[in-house]
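Residues per chain, in single letters:
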Amino acid sequence: MSVSFHLCQPGRGASCGACCGLYNFRDHSRATLTGQLAAQTEALRTVPREPDAWHTAARALLESRRESPLFPAVRVCPLLGFLDAEHTQVGCLGHPKVTGGADLRDCGVYRAEICETFTCPSFTWLSDAQARLVQAACADWYLYGLVITDVEFVRGCLQLLEWELAGPVNPEVLAARPETLEAVRQLFALKETAPGRGTHAAVFGRFTPDTEGEPLSRTLDYAALGARTAPEDEVVLCLGYVPTHLEELNRARELVRVHVKAVAHALGA
Ligand code: SF4
């Protein structure tokens, strides 16, 4: 399994800046990130396109950062911004295709060679059909980046659907019909809409910072919750739930179950 097209800027509304640290804050809500990207875009808009000026501007943006990164070991690049006037596409403002020629990516937190060649694990672990489904269902920069980078979440959702249907699911079939695609979008959009998650907890999806500031995979404490495992738990974790009692866990499971059943229903099952 691996993806044969470029996941970062696949088009049709989808674009990603996750590895540039876009979501690496406790408050990574759409509204806050929209404001942050708009401010970075505006701050760099009139800076002369030469390295000294961009280094200075990038440093100023880093120093004025609104909060410390959730995972200190994961860098947050100040060159990330909106590539269009309508604020529908996120990407690197220092990329030569954006500047009109000058490669200013060295002025950010990575070297340009790294930006040019890096591919995140989703390139390896998602199939073309799974990635195309995410692209079609999450045709906006905020949701696309959250979902395309969470392999366990995408696989977990599709696995639950297969259990619900008692058979294999072809992601291409899900993407082909508008009503099915809309139900998949609602399922994937739980990344943004799922209630009661305590959005300021020190978690991002199924990860929490370890003592070095690196992402550490979380598990549910079944003994403390007095719970047994359930098929929805992988997705519940990926949504960032940190349940402290059984009712809370069951509510999260039910939310996932309802959305999976809605996809099955849209498929005519
Ligand atoms: S996180 Fe993956 S898909 Fe997103 S910009 Fe980075 S390499 Fe591309």
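Our structure's up above, just so we're on the same page.
Figured I'd write up the structure that's included with this text. Being a predicted model, the structure only gives us computed values, none of them experimental.

Here helix α1 (residues 30–45) is 16 residues long and its end C-alpha atoms lie 22 Å apart, about the 22 Å a rise of 1.5 Å per residue gives. The complete set of buried residues in α1 reads Leu 33, Gln 36, Leu 37, Gln 40, Thr 41 and Leu 44. Projection of α1 onto a plane perpendicular to its axis shows the buried side chains occupying an angular sector of 130°, all on one side. Opposite the packed face of α1, turned more than 90 degrees from it, sit the exposed residues Ala 31 and Arg 45. Where α1 is buried, its residues meet α2 (51–63), β1 (80–82), β2 (90–92) and α7 (141–148).

Here the focus is α7. When you tally the buried positions in α7, you get 8 out of 8 residues, the bulk of the element. For α7, every residue scored as buried is listed here: Trp 141, Tyr 142, Leu 143, Tyr 144, Gly 145, Leu 146, Val 147 and Ile 148. For α7, the capping residue at the N-terminal end is Asp 140, with a side-chain oxygen 3.0 Å from the backbone nitrogen of Tyr 142.

Quick look at the pattern of salt bridges now. A side chain of one charge can pair with a side chain of the opposite charge if their charged atoms are brought near each other. Enumeration according to the criterion identifies 15 salt bridges in this entry. Between Glu 67 and Arg 66 there is a salt bridge, and its shortest N-O distance comes to 2.9 Å. On the basis of relative accessibility, which here comes to 22%, the residue Glu 67 falls in the partly exposed class. In this structure, Arg 253 and Asp 233 form a salt bridge, with 2.7 Å as the shortest nitrogen-oxygen distance.

Within the structure, the ligand sits among Leu 7, Cys 8, Cys 16, Ala 18, Cys 19, Phe 118, Cys 120, Phe 123 and Thr 149. Its residues placed into classes, the shell around the ligand shows 8 nonpolar, 1 polar and no charged.

Parameters at a glance
Residues numbered from 1 in each chain as written. Predicted model: local features only at pLDDT ≥ 70, side-chain atom pairs only at ≥ 80, totals over all residues. Heavy atoms only, no water. Helix = DSSP H or I, 4+ residues; strand = E, 2+ residues; numbered from the N terminus. Expected span 1.5 Å × (residues − 1). Buried < 20%, exposed > 50% of the residue type's maximum accessible area, 1.4 Å probe, protein only. Arc of directions from axis to C-beta. Contact = heavy atoms within 4.5 Å. Polar contact = N/O pair within 3.5 Å; in protein donor to acceptor, adjacent residues only side chain to side chain. Salt bridge = Lys/Arg side-chain N within 4 Å of Asp/Glu carboxyl O. Near = heavy atom within 4 Å. Nonpolar A, V, L, I, M, F, W, Y, C, P; charged D, E, K, R; others polar.

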